[in-house]
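Next come the chains, spelled out residue by residue.
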Amino acid sequence: MSGYRTGTPRIDPVGSGAGSPLRPGVRGVLLAALRLSVPFSAAPAAVAGEYRVFACSDGAGKPVPLADWVAEANFVAAETSDNCGTQGYFYTTLGASQLAVGWRTGLGLTLPDGLKATSLRTKRLARNDASISGDTNASPSYSLRYSSGARWYEAGVQEAESCVLGDGCAVVNWPGFPSTKPPEASYTFPGGTSFVGFSLACIQHGPPNGACQVGTSGRSHLRVDGIDLTVRDDAAPVVAGPAGGTITRAGARSGIETFTLPATDVGAGVYQAILAVDGVEVARVSPDASATCTGGAGLADTDLDFTRLQPCRRAVDVSLSVDTTKYANGPHQLRATLRDAAGNLGAPATLEAAFENRPGPTPAPGTPGGGAPNGTGGDVTSGTLGRKGERTKLIASYGSAPAIVGSLRDAAGKPIAGATIDLSEQLDVPGAAWTSVDSIFTDAAGNYRFKPKTTATRRIRFAYAPAAGSTTYRSQREVLVAVRAKMTIKAASAVVPRRGLISLSGGVKLDGLPEKGAWVEIQWLKGKAWKTIGTRRVDRRGGWVFRHRLTSLTNTAIRFRSRLRPASDVPSEQVSSRGVSVRVR
């Protein structure tokens, strides 16, 4: 979230007046063919995602061990010091007393196949030229090198095809590279960049045969702090073979059903599998549990920030499950979507499956069968709950008081008055039990009305038995009361100074929060769209705190909100808080 400016945040290329969005989140479309053993269908896949890779230190200044970057030198006397994991910087020195033209040291990064660098930001680039003397035809020079395909480029020049270093790269000073108190440095690369490097080298700038003289009391050195590299991944993950699991068997499904999908990705690796039932997301599974694939771990708190170029495995087996007892008997659609570490979504794989379960636990036992008729005015033995058009789903805000209405009619359409309707409910989370909650009665027109609790998403079951006091029910009706949790957000201070600390807090009010807590996404308004900048797990009381230190900005107002991330064990619809604004001086 660093780099706020008035309007849209931008990265400014060094030596150029142009700019590009900080994290554009480019998305394209790719059609993918899925080979499955069950009747899955595939939709177009979103591709061309981006993610950030931190080295040395993250945006908050926490040291991050150096990974993937390699110390480079083409002479023995070069000296390097990797203090990234402890102090947050990499240091390299021209360590000989006299250096020939072309000698170089530095730090380089070669990107794996399928990945390209798009932009680079460093917390600090520092150099020291103290006590350097010698030939006027050569001097130490500092540069940012990068390659795209077979050509090498330099910051500040268009291209270089030959040079004295022997690697196809001419070394030129990074334009504007300061020698004292250097600020953050940023650069945007052209498409296809597969190598990035920082160099400190002796270069020729006069007649041949020059050399760089390096004093013992003040050697020329280069220090790099806090590398933040944005990487592009153009490919979406795909299902690589037949699906398996109990969900693929013939006939109706019941209880907990599972299915597996072999997944592959040619870029950043398979990060998540997302399961939706009837269009509603119910679970997100991380098939790769390795530390580098967790996303946001100690970094900028987003799920697209990592410490490795290829954070997740490129081939994994995904295992998903669905609790069919949470749904009404009958046909349902399951949809599995793969997501890679760059945010690319693969082609959704869908399956039509019939669920069939025995009725859940009923209210307290009565006298099965027999007994006095339950109601009057119609044929109680043919009484049926619900008519065409009556709701099966009701969406409500936390603490509101909506009503579920319905009617009881016999086979001829006559109302049954004065009948007892038994009610039970089930919290909308895996493994929740049905419990008895109440009994209500039909009026003279055979209608009934009930106000459910709206403190969490629940299923309400209405049950009618022809005999009074019986639990042998002839007709049952279920209504899903989908509740939006109450979300709050506030800022510790409405005004913060430049490079100040923004502190936000908030809460989630909802019954049935999982013991491990739910996830909240913190978002800021970028233009007309909300963008996630961090995530927090709420505590047992539903509270959360988020802090972020700004780095480079001008006077502007930033608007934030919190959003509840959907999950199968969180009984709430997706919901967002109202916005809160913070002004940066």
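Residues numbered from 1 in each chain as written. Predicted model: local features only at pLDDT ≥ 70, side-chain atom pairs only at ≥ 80, totals over all residues. Heavy atoms only, no water.

## What to know about the sheet that holds strand β26 (residues 330-340)
Phase 1 of the analysis: One open sheet holds the 4 strands; their spatial order is β23-β22-β26-β27, and the pairing between them is antiparallel. Both outer strands of the open sheet, β23 (280-285) and β27 (349-355), are each paired with one neighbouring strand and no more. This sheet shows a mean twist of 25 degrees between the axes of neighbouring strands, independent of strand direction.
Phase 2 of the analysis: Here 7 bridges tie strand β22 (residues 270-277) to β26, and the two strands are oriented antiparallel to one another. Its bridge partner being in β26, Q272 is matched across the sheet by R339. (Pairing = 2+ DSSP bridges. Helix = DSSP H or I, 4+ residues; strand = E, 2+ residues; numbered from the N terminus. Axes fitted to C-alpha atoms, helices over the stretch in contact; angles between N-to-C directions.)

## Remarks on the confidence of the model for the protein chain
Phase 1 of the analysis: Within the protein chain, residue pLDDT values average 76, and 75% of them lie at 70 or more.
Phase 2 of the analysis: Note on residues 1-47: pLDDT under 50 across the span, and 148 contacts to partners over four residues away in sequence or across chains. (pLDDT = per-residue confidence, 0-100. Contact = heavy atoms within 4.5 Å.)

## So, the sheet that holds strand β20 (residues 238-239)
Phase 1 of the analysis: Sheet architecture is open: 3 strands sit in the order β20-β21-β25, paired in antiparallel fashion. Looking at which strands have only one partner, the edges of the open sheet turn out to be β20 and β25 (315-323).
Phase 2 of the analysis: As paired elements, β20 and strand β21 (residues 256-264) share 2 bridges and run antiparallel to each other. Bridge pairing in β21 links V239 to A263.

## A few points about the nonpolar core
Phase 1 of the analysis: Among the nonpolar cores identified, the biggest contains 41 residues, and Y51, F189 and F198 are the most heavily contacted of them.
Phase 2 of the analysis: Those elements that place two or more of their residues in this core are β5 (49-57), β11 (104-110), β12 (115-128), β14 (138-148), β17 (185-204) and β19 (221-233).
Phase 3 of the analysis: Examining the composition of this core, we find that 6 residues originate from one element, β17, more than from any other.
Phase 4 of the analysis: If you look at the next biggest cluster of nonpolar residues, it comprises 26 residues, including V538, L550, I558 and V575. (Core = buried A, V, L, I, M, F, W, Y, C linked by side-chain atoms within 4.5 Å. Buried < 20%, exposed > 50% of the residue type's maximum accessible area, 1.4 Å probe, protein only.)

## Quick look at the side chain of D323
Phase 1 of the analysis: Examined against the element boundaries, D323 turns out to sit in strand β25.
Phase 2 of the analysis: A polar contact is formed between the side chain of D323 and the side chain of T325, at a distance of 2.5 Å.
Phase 3 of the analysis: The residues contacting D323, other than those within four sequence positions of it, are G255, I256, P430 and G431. (Polar contact = N/O pair within 3.5 Å; in protein donor to acceptor, adjacent residues only side chain to side chain.)

## Notes on the side chain of S470
Phase 1 of the analysis: Along the chain, S470 turns up in the loop between β34 (458-464) and β35 (475-484).
Phase 2 of the analysis: At 2.9 Å, the side chain of S470 and the backbone nitrogen of T472 are in polar contact.

## Points about the packing of aromatic side chains
Phase 1 of the analysis: Under the counting rule described, the total for this entry stands at 6 aromatic pairs.
Phase 2 of the analysis: Geometrically, the ring pair formed by Y271 and F306 is edge-to-face, given 5.8 Å between the ring centres and 90 degrees between the ring planes. Here Y271 is found in strand β22, whereas its partner F306 is found in strand β24 (residues 305-306), with 35 residues between them in sequence. With respect to class, Y271 is no different from F306; both count as buried.
Phase 3 of the analysis: Both rings, one in Y327 and one in F355, keep their centres 5.9 Å apart while their planes meet at 55 degrees; by these two values the pair is tilted. Of this pair, Y327 sits in the loop between β25 and β26 while F355 is found in strand β27, placing the two residues 28 residues apart along the sequence.
Phase 4 of the analysis: The exposure class assigned to Y327 is buried, which follows from its relative accessible area of 12%.
Phase 5 of the analysis: Joined through ring pairs, the aromatic side chains of Y51, Y271 and F306 make up one cluster.
Phase 6 of the analysis: Sitting over the ring of W434, R461 keeps its end group 3.8 Å from the ring centre.
Phase 7 of the analysis: R477 extends its terminal NZ or CZ atom over the ring of F462, reaching a point 5.6 Å from the ring centre. (Phe/Tyr/Trp six-rings, centres within 6.5 Å; stacked < 30°, edge-to-face > 60°. Lys NZ or Arg CZ within 6 Å of the ring centre and 35° of its normal.)

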